[in-house]
Structures are given as C-alpha cells and as structure tokens.
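Report on the structure
What follows is each chain in one-letter form.
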Amino acid sequence: MAAFFLTHSRSALGAFYRCLRSRLGAPKAITATVHNLARLFYQIWTTAGRCTDPGMDYYEQKYQDLILKNLQKKAQAFGLQLIPKSQDKEEASFYQTLST
C-alpha cells in the first residue's frame, strides 16, 4: 500500500515508481518500489536514521543523464554524433543575421 501511494509523491521514490511504471507496468513497478522501500527501511534502521531523500529532481536528472549516455552510445555505434539543441538555435540565429 505504501508503494501505491507514491504515485503522486514528489520524492525520489515517487519518481522511481513512475519511471518503472512507464516501462514495466503498475504491478511490477509496485513490487520493485516495495523492495526499494524495504532496503531504505533497513538502511535507516541500521544507521540510526541517518538517511536523506535526494528528492525527485535529483532522480529525474540522474535518469535523464543515463538516457543521454545510452543515446550517445547508440549514435556512436551508427557513426553519428549528437548535437545539443541549444547549439542549433545559436547557429540558426547566426545564419539569420548573415542573411539580413
């Protein structure tokens, strides 16, 4: 029940659950989140409560970095290179100033 209520939580565990739910489905995500909660509980119990929640933003950033790393590996395998979109905007504005 505790894992199910993390659906709308703005914590790292909530982000973990939503990420798994999108990939694996709700039943498997709940099971994995329960295991994660059990590990967290054990860690808090053995360290006398010295555990902090990094927050949802930390988990989301870590997940996005992992996806970007995997995309870069796939692009490199095909002989391609990823270019960040912010550079494309700068180049487009540079070419617009040249054309006027």
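It should be noted that the structure appears before, not after, this text.
Everything in this summary refers to the structure shown in the same document. (Residues numbered from 1 in each chain as written. Predicted model: local features only at pLDDT ≥ 70, side-chain atom pairs only at ≥ 80, totals over all residues. Heavy atoms only, no water.)

Considerations on the overall build of the chain
What counts is decided by this rule: Numbering of helices and strands starts at the N terminus; helices are DSSP runs of H or I of at least 4 residues and strands are runs of E of at least 2. Only protein chains enter the accessibility calculation, which uses a 1.4 Å probe; a residue whose area is less than 20% of its type maximum is buried, one above 50% is exposed, and one in between is partly exposed. When checking whether two residues touch, look at their non-hydrogen atoms; a contact exists if any pair is within 4.5 Å.
Scanning the chain from terminus to terminus reveals four helices and zero strands. In the chain, the succession of α and β elements from N to C terminus is α-α-α-α. Of all 100 residues assigned to the chain, the portion counted as buried reaches 19%. Counting only contacts in the chain whose residues sit at least 6 apart along the sequence, the fraction spanning at least 24 positions is 50%.

Brief notes about helix α2 (residues 26-46)
To be explicit about the condition: The span one expects for a helix is its residue count, reduced by one, times 1.5 Å. Each C-beta atom gives one direction from the helix axis, and the arc is the one those directions make.
The first and last C-alpha atoms of α2 sit 30 Å apart over 21 residues, in line with the 30 Å expected at 1.5 Å per residue. Three or more residues of α2 are buried, namely Ala29, Thr33 and Asn36. Along the axis of α2, the buried residues cluster in a sector spanning 60 degrees; they form a single face. Set apart from the buried face of α2 by more than 90 degrees, the exposed residues are Pro27, Lys28, Phe41, Tyr42 and Trp45. At the exit of α2 stands alanine 48, carrying a positive phi of roughly 60 degrees.

Quick notes on the packing of helix α1 (residues 12-24) against α2
Our working definition: Axis definition: a line fit to C-alpha positions, over the contact stretch in the case of helices; interaxial angles, taken between N-to-C directions, run 0 to 180 degrees. Relative orientations are named as follows: roughly parallel for angles under 35 degrees, roughly antiparallel for angles over 145 degrees, roughly perpendicular for angles from 65 to 115 degrees, and oblique for any other angle. Should the near helix be turned counterclockwise from the far one by less than a right angle, the crossing is left-handed, whereas a clockwise turn marks it as right-handed.
For the pair α1 and α2, the least separation of the axes is 8 Å and the interaxial angle reads 150 degrees. Looking at the two axes, α1 sits roughly antiparallel to α2. The element α1 and its partner α2 pack so that their crossing is right-handed. Between α1 and α2, the residues in contact are Leu13, Phe16, Tyr17, Leu20, Arg21 and Leu24 and Ala26, Lys28, Ala29, Ile30, Ala32, Thr33, Asn36, Leu37 and Leu40, respectively.

Side note on the nonpolar core
Rules: We define the nonpolar core as a collection of buried residues of types Ala, Val, Leu, Ile, Met, Phe, Trp, Tyr and Cys that are connected through side-chain atoms lying within 4.5 Å of one another.
One finds Ala12, Ala15, Phe16, Tyr17, Cys19, Leu20, Ala29, Met56 and Tyr59 forming the largest nonpolar core, which totals nine residues. Per-element accounting of this core gives the leading share, six residues, to α1.

So, the packing of aromatic side chains
In this description, a pair of aromatic rings is defined by centroid distance and the angle of the planes. The condition is simple: Aromatic pairing here means that ring centres of Phe, Tyr or Trp (its six-membered ring) are within 6.5 Å. Orientation follows from the plane angle: under 30 degrees is stacked, over 60 is edge-to-face, and everything else is tilted.
The tally for this structure, following the rule as stated, stands at one aromatic pair. Judged by centre distance (6.4 Å) and plane angle (75 degrees), the ring pair of tyrosine 42 and tryptophan 45 falls under edge-to-face. Separated by three residues within a single helix, tyrosine 42 and tryptophan 45 lie in helix α2, roughly one turn from each other. For tyrosine 42, a relative accessible area of 52% gives the class exposed.

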